[in-house]
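Summary of the model geometry
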Amino acid sequence: MKRMFVLTLALGLSFQSQAQIATATPTKAEMTKIQTKTQPRVIILATGGTIAGAGESATKAAYKAGQVPIDALLNAVPEMHQLAKIEGEQVANIGSQDMNIETWLKLSKRINQIFDNNEADAVVVTHGTDTLEETAYFLSLTIRSNKPVVLVGAMRPSTAMSQDGNRNLLDAVMVASAPQSKNIGTVVVMNELVFAARDVTKTNTTSTATFQSRNFGPLGLIYDGKVNYYYQSTHQPTKKFNVDKLDKLPQVDIVYGYADASPKAIECMIADGAKGLVYAGLGNGNFNAPVGAALEKAAKSGIAVVRSARAGSGRVTLNNEVNDAAMGFAVADDLNPQKARVLLMLSLTGTNDIKVIQDIFFKY
Ligand code: SIN
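Residues numbered from 1 in each chain as written. Predicted model: local features only at pLDDT ≥ 70, side-chain atom pairs only at ≥ 80, totals over all residues. Heavy atoms only, no water.

A short note on the packing of helix H5 (residues 101–116) against helix H6 (residues 132–142)
At their nearest, the axes of H5 and H6 sit 10 Å apart, and the two run at 45° to each other. Taken together, the axes of H5 and H6 lie oblique to each other. Crossing of H5 over H6 shows right-handed handedness. Contacts between H5 and H6 pair Trp 104, Leu 105, Leu 107, Ser 108, Ile 111 and Asn 112 from the former with Glu 134, Thr 135, Phe 138, Leu 139 and Thr 142 from the latter. (Axes fitted to C-alpha atoms, helices over the stretch in contact; angles between N-to-C directions. Helix = DSSP H or I, 4+ residues; strand = E, 2+ residues; numbered from the N terminus. Parallel < 35°, antiparallel > 145°, perpendicular 65-115°, else oblique. Left-handed = near helix turned anticlockwise from the far one by under 90°. Contact = heavy atoms within 4.5 Å.)

Thoughts on unusual backbone geometry
When glycine is set aside, most residues are seen to have a negative phi, and most peptide bonds are trans. Within the chain, Asn 118 stands out as a residue other than glycine whose phi angle is a positive 50°. Here Asn 118 is to be found in the loop between H5 and strand S5 (122–126). Take Asn 118: its relative accessible area is 44%, and that puts it in the partly exposed class. Non-glycine residue Asn 319 carries a positive phi angle of around 55°. Relative to the helices and strands, Asn 319 is located in the loop between strand S15 (304–309) and helix H10 (324–327). (Buried < 20%, exposed > 50% of the residue type's maximum accessible area, 1.4 Å probe, protein only.)

Topic: the site of the ligand
Residues in contact with the ligand, as listed here, are Gly 49, Thr 50, Tyr 63, Gly 95, Ser 96, Gln 97, Gly 128, Thr 129, Asp 130, Ala 154 and Met 155. At a separation of 3.5 Å, an oxygen atom of the ligand approaches a polar side-chain atom of Gln 97. Starting from 250 Å² of accessible surface for the ligand in isolation, the protein chains cover 94%. (Near = heavy atom within 4 Å. Polar contact = N/O pair within 3.5 Å; in protein donor to acceptor, adjacent residues only side chain to side chain. Areas by Shrake-Rupley, 256 points an atom, 1.4 Å probe, with all protein chains shown as cover.)

As for helix H7 (residues 165–177)
The end-to-end C-alpha separation of H7 is 18 Å, in line with the 18 Å expected for 13 residues at 1.5 Å each. Of all 13 residues making up H7, 11 are buried, and the element is well covered by its neighbours. Every buried residue of H7 is listed here: Gly 165, Asn 168, Leu 169, Leu 170, Asp 171, Ala 172, Val 173, Met 174, Val 175, Ala 176 and Ser 177. (Expected span 1.5 Å × (residues − 1).)

Section: the pattern of salt bridges
Under the defined criterion, the tally for this structure stands at 13 salt bridges. The partner of Glu 119 in a salt bridge is Arg 110, with the nearest N and O atoms 2.8 Å apart. We classify Arg 110 as buried; its relative accessible area is 17%. With its nearest N and O atoms 2.8 Å apart, the salt bridge here joins Arg 315 to Asp 333. With a gap of 18 residues between them, Arg 315 in the loop between S15 and H10 and Asp 333 in the loop between strand S16 (330–331) and helix H11 (337–347) connect regions that are remote in the sequence. Accessibility expressed as a relative area gives 53% for Arg 315, which makes it exposed. One salt-bridge network, in which partners are shared between bridges, spans Glu 89, Arg 110 and Glu 119. (Salt bridge = Lys/Arg side-chain N within 4 Å of Asp/Glu carboxyl O.)

Comments concerning the sheet that holds strand S4 (residues 85–94)
Pairing in this open sheet of 8 strands is mixed, and the strands run S4-S1-S5-S6-S7-S8-S11-S12 from one edge to the other. Across the chains shown, the open sheet's two edge strands, defined by having one partner strand only, are S4 and strand S12 (226–229). Neighbouring strand axes in the sheet, compared pairwise and without regard to direction, differ in orientation by 25° on average. Across 7 bridges, strand S1 (residues 41–48) lies against S4 in parallel orientation. Within S4, the residue paired with Leu 45 across the bridge is Glu 89. Across the sheet, H5 touches S1, S4, S5 and strand S6 (149–152), and the angle it forms with S1 is around 170°. Those strands touched by H6 are S5, S6 and strand S7 (186–190), and its axis lies near 170° from that of S6. (Pairing = 2+ DSSP bridges.)

Overview of the sheet that holds S16
Spatial strand order, S13-S14-S15-S16: 4 strands in an open sheet with parallel pairing. Pairing within the sheet leaves two strands with one partner each, and these edge strands are strand S13 (252–256) and S16. Along the sheet, helix H9 (residues 289–300) contacts strand S14 (276–281) and S15; its crossing angle with S14, the most-contacted strand, is approximately 155°.

This is how it looks when you write it as structure tokens:
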């Protein structure tokens, strides 16, 4: 039996299957030694959010995000230490409404360093849910390795009755350390679902089922402590953006479309130094005449203008309702405005050519 156990390890089967066999044979000391050797190594980078939030009581809705430090999160979910050898680092402890480019760059550089130095097999990032999708997309575009980077949050603070953070965190560590996640890259795990960083968005202000990929659905489903994947996106960056030497990104602002909108916001953003504008347009990225004229003027003065949509799903199509070629615009395809902003900021670190930018938007 013991020989079989050793052989099983040598074949490199997953820790979960090892653990099942291990209960029948090795001593505790042997097990600890074996686990340390064979468990996947996961580093959890904590940034705050509701998953680290604390409230007055188990039933009141009021709470403050970013209160619980990483050590407390690690102790709150002892089960995850059976899945992986886990270390934690506190990168920030903020509500994600305060997430900023400086912290994105810090996170991205640290994750690239972790994989370059072979410090871990996977990374989990705990994050507030408000801007989680933007951070996830930014990391997916800037992390060079395809090893798992799993972003996770919670809709209920750690002190709430029926809080979702502990379960989500356990699922995130499980996804990060699962053999079938080996080349999954950056994903978001929430509410027993795994989403591509590019596709996921927050769709509801308070529901625990808030995260969805409205166009394409989740990549995988989690059940009974296991993940099953069903599809992979064809949109993968051909080349990741290198942010190693950057301490800021070009300014890109989002202009919101609405009935009877005036071009004033666009003029203010340009005066403030915007190098790019994402237009969260009506329907298929449409605008009224004054807004269209202001956007065209901006594009023709060298500001990169990308049309996206406020609708929440679907694509913005090139040269259909709007003559993008004549007006000098690119379209965001199916990226929502906040994701389009992330991609435009990164694109502008390498080019101002709107045709090249369009190509990036169709591929990444
Ligand atoms: C935040 O984004 O930090 C607050 C909301 C949340 O985490 O759910």
